[in-house]
Amino acid sequence: MKLSLDTYSIGADLSLRDLLELLPASGYQAVEFRCESNQKHGVEPEISVEERRRIRALITGAGLEVSCLSTGQRYEYPDPALRQKAIERTKQFIDLAADIGCGRIRVFGNDFPAGVPKPQVVQYVGESLHECGQYAEGKGVDVLLEMHGEFYYWEYCLGAVKIADHPNVAINYNSDQRDLVNGSLAFTLDKVKDYVRHVHMHDLDSQEFPYKELFGILKKMKYANFLSLEQGYHAGGEKKVIALYAALYREIMAQVR
């Protein structure tokens, strides 16, 4: 398992240079770029081929990986034109990920539109994911549906991924307290374990989410990908807080047998 920082909120105002200096020094092995949020790192599909090459070389030179491109693309829309627009934008992110050496992008199902049966929405999402997976085939990029919003529930997320039925489509697990069954993550993770290829963590200092159990289950699963800190902190001193969270991660992980 490898530690990554999702720039989400805590890294939103850090430049690419800041991230490349801070993360290795703090014990992170990767960065996850939050895209479509006007963040200072500037890693977006609009950058040129030359800039993509430059970014890839800088990241490699810093001894880091890009764990994921965190997009905001969603496919739950009843309007097929809106779904296709999201699919085409997703393809741009797949190309960007391939160009900078990133093996994953994050996308959403997210909501259930009013008046539309839930199985139909899951079908919309799954079919959209299938087209994205086909485009990603051969590019070394996975399209990961995050267990997020109303798709936090494993049955909806897993259902869409199974409808997609493509080796480049899988799940981004999101460390949500709602996943607990009788105080444990075991039931939920057992349902999705064969499809989890990326993990988001939040509030590692929380007493409400069992991170020690999560890390232990992932270890038993032989999960070898990234654990990415998606921390909603934006109150000053971000560099210090980022380093402190890395230390806390190591402390919890050291307790896992």
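Quick note: structure is the one above.
Keep in mind that what you see is a predicted model, and the values were worked out from it rather than measured.

Cut-offs and rules
Residues numbered from 1 in each chain as written. Predicted model: local features only at pLDDT ≥ 70, side-chain atom pairs only at ≥ 80, totals over all residues. Heavy atoms only, no water. Helix = DSSP H or I, 4+ residues; strand = E, 2+ residues; numbered from the N terminus. Expected span 1.5 Å × (residues − 1). Buried < 20%, exposed > 50% of the residue type's maximum accessible area, 1.4 Å probe, protein only. Contact = heavy atoms within 4.5 Å. Polar contact = N/O pair within 3.5 Å; in protein donor to acceptor, adjacent residues only side chain to side chain. Pairing = 2+ DSSP bridges. Right-handed = clockwise from strand over helix to strand, strands pointing away. Axes fitted to C-alpha atoms, helices over the stretch in contact; angles between N-to-C directions. Phe/Tyr/Trp six-rings, centres within 6.5 Å; stacked < 30°, edge-to-face > 60°. Lys NZ or Arg CZ within 6 Å of the ring centre and 35° of its normal.

### Observations concerning helix H3 (residues 80-100)
Argument step 1. Compared with an ideal rise of 1.5 Å per residue, which puts 21 residues at 30 Å, H3 spans 30 Å between its outermost C-alpha atoms and is within 8% of the ideal.
Argument step 2. Every buried residue of H3 is accounted for by Arg83, Ala86, Ile87, Arg89, Thr90, Lys91, Phe93, Ile94, Leu96, Ala97 and Ile100.
Argument step 3. In the core, the buried residues of H3 are packed alongside helix H2 (49-61), strand E3 (65-74), strand E4 (104-108), helix H4 (118-136) and strand E5 (142-146).
Argument step 4. The residue sitting at the N-terminus of H3 and contributing the capping side-chain oxygen is Asp79; that oxygen lies 2.9 Å from the backbone nitrogen of Ala81.
Argument step 5. Just downstream of H3 lies Gly101, where phi reads positive at about 80 degrees.

### Concerning the pairing of strand E7 (residues 196-201)
Argument step 1. Among the six residues in E7, five count as buried, and that is most of the element.
Argument step 2. With three bridges joining them, strand E6 (residues 169-173) and E7 adopt parallel strand pairing. Along E7, the bridge assignment pairs Asn172 with His198.
Argument step 3. In this region the chain leaves E6, passes through helix H6 (residues 186-192) and returns to the parallel neighbour E7; the handedness of that crossover is right-handed.
Argument step 4. Where E7 and strand E8 (residues 226-230) come together, three bridges link them in parallel fashion. Residue pairing for E8: His200 is matched across the bridge by Ser228.

### Notes on the sheet that holds strand E1 (residues 2-6)
As a general point, the strands of a sheet are linked pairwise by backbone hydrogen bonds and lie either parallel or antiparallel.
Argument step 1. Around the barrel, which closes on itself, the eight strands sit in the order E1-E2-E3-E4-E5-E6-E7-E8 with parallel pairing between neighbours. Ignoring which end each strand starts from, the neighbouring axes of this sheet average 30 degrees apart.
Argument step 2. As judged from the four bridges shared by E5 and E6, these two strands associate in the parallel manner. Residue Leu145 lies in a different strand from E6, and its bridge partner there is Ile171.
Argument step 3. Across the face of the sheet, helix H7 (residues 211-220) comes into contact with E6, E7 and E8 while running at roughly 165 degrees to E7.

### Considerations on the packing of aromatic side chains
Argument step 1. Tallied over the entire structure, the rule returns ten aromatic pairs.
Argument step 2. Between Phe112 and Tyr156, the ring centres sit 4.8 Å apart and the planes meet at 70 degrees, which makes this aromatic pair edge-to-face. Highlighted residues: Phe112 in the loop between E4 and H4 and Tyr156 in helix H5 (residues 154-164), separated in sequence by 44 residues.
Argument step 3. You can call Phe112 buried: its relative accessible area is 11%.
Argument step 4. Directly above the ring of Phe112 sits Lys118, whose terminal nitrogen or CZ lies 5.2 Å from the centroid.
Argument step 5. Against the face of Tyr135 rests Lys139, its NZ or CZ located 4.8 Å from the ring centre.

### So, H7
Side chains of residues three or four places apart in an α-helix project in the same direction, reflecting 3.6 residues per turn.
Argument step 1. Looking at H7, one finds that the buried residues are Tyr211, Leu214, Phe215, Gly216, Ile217 and Leu218.
Argument step 2. Next to the buried residues of H7 lie E6, H6, E7, E8 and helix H8 (238-254).
Argument step 3. Downstream of H7 by one or two residues, Lys222 has phi in the positive range, about 60 degrees.

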